[in-house]
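One-letter residues, chain by chain:
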Amino acid sequence: MATLSQAAGPKARSLNELDEAGVVAATFPSLPLFAAANAVRNVLRLLKTNDTLAPCQEHLISLDDYYDVVGLKALLTREEAYDTAASALVQKRAAE
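Parameters and conventions
- Position labels on residues start from 1 in each chain and follow its written sequence.
- Selection of residues for local features in this predicted model requires a pLDDT of at least 70, selection of side-chain atom pairs for listing and counting requires 80 or more, and totals for whole chains, interfaces and linings are taken over all residues.
- Hydrogens and water are ignored here; the side-chain numbers use all heavy atoms of the structure.
- Numbering goes from the N terminus for both helices and strands, where a helix is a DSSP run of H or I of at least four residues and a strand is a run of E of at least two.
- Relative accessible area decides the class of each residue, using a 1.4 Å probe on protein chains only: under 20% of the type maximum gives buried, over 50% gives exposed, and in between gives partly exposed.
- Pairing of aromatic side chains here covers Phe, Tyr and the six-membered ring of Trp, requires ring centres within 6.5 Å, and sorts the geometry by plane angle: under 30 degrees stacked, over 60 edge-to-face, intermediate tilted.
- A 1.4 Å probe that fits into a set of points on a 1 Å grid over the protein atoms alone but cannot get out defines a cavity; an open set with protein on both sides within 12 Å along at least five of seven lines defines a pocket, and lining residues are those with an atom within 4 Å of a point.
- Grid points are joined across faces, edges and corners, and a volume is the space filled by probe spheres set on the points.
- Basically, the charged four are Asp, Glu, Lys and Arg, the nonpolar ten are Ala, Val, Leu, Ile, Met, Phe, Trp, Tyr, Cys and Pro, and anything else, Gly included, counts as polar.
- Nonpolar side chains (Val, Leu, Ile, Met, Phe, Trp, Tyr) within 5 Å and like charges within 9 Å form the patches, drawn only from residues with over 30% relative accessible area and no salt bridge.
- Only the protein chains shown count as covering a residue, and every accessible area follows the Shrake-Rupley method with a 1.4 Å probe.
- Salt bridges, as used here, are contacts in which a Lys or Arg side-chain nitrogen is within 4 Å of a carboxyl oxygen on Asp or Glu.

(A) Expanded view of unusual backbone geometry. The backbone of Asp-51 sits at a positive phi, close to 55°, despite the residue not being glycine. Locating Asp-51 in the fold gives a position in the loop between helix H2 (31-50) and helix H3 (63-70). Relative accessible area serves as the criterion here: at 69%, Asp-51 is assigned to the exposed category.

Shown next, in the form of structure tokens:
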């Protein structure tokens with residue numbers, strides 16, 4: 001098992017090199033964070049340079065894809081279940 005973190009400095013290890021070294025699993029905990037920070041910097045630079053959101057649009061995730069990434073649909077379904085259960089409980093208590 002290997003954990004490669006950009007926080008420890010750049011490491012140009014290929015997945016093939018890790019495999020050859022006998023690594024059967026690897027994690028990259030800071031890779032998404034560093035990639036996201038770079039993307040934020042780049043898109044804000046575009047906004048500042050162009051004074052418009054137009055050139056930024058192609059670099060943005062769609063709203064539906066964002067909801068999938070953050071699991072919003074599942075959370076909304078769970079929240080609706082809680083609302084339904086709470087309503088049923090209130091009705092039951094009111095009938096008592």
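There's plenty left to go through after this.
(B) Spotlight on the packing of aromatic side chains. A complete count under the given rule lists one aromatic pair for this structure. Ring centres of Tyr-66 and Tyr-67 lie 6.3 Å apart, and the angle between their planes is 55°; this geometry places the pair in the tilted category. Taking the relative accessible area as the measure of exposure, Tyr-67 reaches 27% and is therefore partly exposed.

(C) The arrangement of the layout of surface pockets in detail. Considered as a void within the structure, the largest pocket measures approximately 230 Å³ in volume. The wall of the largest pocket is formed by Ala-36, Ala-39, Val-40, Asn-42, Val-43, Leu-46, His-59, Leu-60 and Ile-61. Looking at the lining of the largest pocket residue by residue, the class counts come to seven nonpolar, two polar and no charged.

(D) Highlighting a nonpolar patch on the surface. There is a patch of nonpolar side chains on the surface, built from Ile-61, Leu-63, Tyr-66, Val-69 and Val-70 and spanning about 490 Å² of accessible area. Residue position: Tyr-66 is located in helix H3.

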